[in-house]
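# Overview (structure and organization)
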Amino acid sequence: MARVLLVTGGAGFIGANFVHYWLAKYPEDNVVVLDALTYAGNLASLDAVKDAATYTFVRGDICDQALIEKLLREHGVDTLVHFAAESHVDRSITGPDAFIETNVIGTHSLLKAAKKIWLDEGQNPENHRFHHVSTDEVYGTLTADDPAFSETTAYAPNSPYSASKAASDHLVRAYHHTYGLKVTTSNCSNNYGPFHFPEKLIPLVITNILHNKALPIYGDGQQVRDWLYVVDHARGIDLILEKGVIGETYNIGGINEWANIDIVKLICELMDKAFASDPALAQRFPAAVAANAGDSQSLITYVKDRPGHDRRYAIDPAKANSELGYQPAETFETGIRKTLNWYIDNTDWWEKVMDGSYRNWIEKQYG
Ligand code: NAD
Ligand code: TYD
């Protein structure tokens, strides 16, 4: 039977990739995207689906409980997939309030609306699902020798971002245990891929190489992150919606740990090779070091470390592997090449984000 999804944060990086994935795989389902279009939201990321009869976009805030209730009721939503969040650790250090507002208060507003419509008003007491998209950062930091995070690792968030996500995870859990809301939660490792806002490490490095800007490495660059191609995250959520046990949490990851400095050097090498094999790139990006047969690694610049910088994240995906049959489809080699090519082929998307012209367009559209 066709489902009706409410996808919060669907104009963000992972949400947009999820919407593409979902509408391609389940074209009979209806997908309503709710997104506030903050600095991180980008309607251009949803251009490919905007004319689909089964797709609706609503600009709005997840803190607006009355709006959520209206959407759940009027669209007959049975599945809510919650991506909307403030997501950048550095911004949470300089301005934590927005993180508490959206990640904690906003998640609670969604839970209250879902409980009211699905349970209290009885719209769909049996076959609803509230899936909460969270992060491995709630588990805190690992040393080089620690085992990877499992679902039973104690929460120990260190940044305002991860603390706000941890709070939201607890609220989701409580709404299941107290009220019987049918919830699942996924805690995923760092994602990379198309439509990633160029303030995060991988897209920042790619776009800075193309624009001949410094590649800032925080501290000693030896911090480790566990990278997953974004569509593999969408596949994991799909499996949880299909086979996940209500009230459970699932860690999603691809066992792919990289020190930051190594990943930055790898991207430099791949980019230099791309320029060497395709002379058209030098014409399109004449300022790039690689356009003049230089070494992109010369752009690497060590800068002051992030305060409270977590040293290592790593996901143990054994539960998702054994209980859901989850395996990433993409290797890091294929995923990073796809990502590089996407940024090379879609300069319009990221240049409009970076020069402010996208923001001006949104203001004109929505005020
Ligand atoms: P993102 O910052 O790219 O996108 C967030 C989206 O949420 C944007 O479109 C923004 O406009 C929207 N939004 C923000 N506040 C809102 C509000 N109050 N109401 C409605 N919409 C609002 O983030 P992302 O990287 O796509 O992350 C999506 C989710 O996945 C987040 O919950 C994040 O914690 C989680 N996550 C991210 C990663 C990662 O590597 N990026 C890894 C694991 C989990
Ligand atoms: P980021 O992409 O912000 O993700 P997160 O902090 O959620 O893991 O950063 C990934 C890693 O890269 C993290 O250890 C911080 C580091 N980093 C840099 O060294 N330089 C940068 O300019 C950025 C944005 C991140």
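Structure first, text after, so check above.
So, here is what we can say about the structure in this document. Fair warning: this is a prediction, and the values are worked out from it, not measured in the lab.

The rules behind these values
Residues numbered from 1 in each chain as written. Chains lettered and ligands numbered in written order. Predicted model: local features only at pLDDT ≥ 70, side-chain atom pairs only at ≥ 80, totals over all residues. Heavy atoms only, no water. Pairing = 2+ DSSP bridges. Helix = DSSP H or I, 4+ residues; strand = E, 2+ residues; numbered from the N terminus. Axes fitted to C-alpha atoms, helices over the stretch in contact; angles between N-to-C directions. Contact = heavy atoms within 4.5 Å. Near = heavy atom within 4 Å. Polar contact = N/O pair within 3.5 Å; in protein donor to acceptor, adjacent residues only side chain to side chain. Areas by Shrake-Rupley, 256 points an atom, 1.4 Å probe, with all protein chains shown as cover. Buried < 20%, exposed > 50% of the residue type's maximum accessible area, 1.4 Å probe, protein only.

Sheet architecture is open: 7 strands sit in the order β3-β2-β1-β4-β5-β6-β10, paired in parallel fashion. Both edges of this open sheet fall to β3 (55-59) and β10 (249-252), since each of them pairs with a single strand only. Adjacent strand axes in the sheet meet at a mean angle of 20 degrees when their direction is disregarded. Here strand β1 (residues 4-8) pairs with strand β2 (residues 30-35) via 5 bridges, running parallel. Paired with L6 across the bridge in β2 is V32. Packed on one face of the sheet, helix α4 (residues 97-120) meets β1, β4 (79-82) and β5 (129-135) and runs near 165 degrees to β5.

What surrounds ligand 1 is a group of 28 residues, the closest being I14, D35, S87, Y161 and K165. A distance of 3.1 Å is found between a nitrogen atom of ligand 1 and a backbone nitrogen or oxygen belonging to A36. One of the backbone nitrogen or oxygen atoms of V133 is found 3.5 Å away from an oxygen atom of ligand 1. Within the complex, 96% of the 830 Å² of free accessible area of ligand 1 lies under protein.

Structurally, M1 is set in the segment before β1. You can call M1 exposed: its relative accessible area is 95%.

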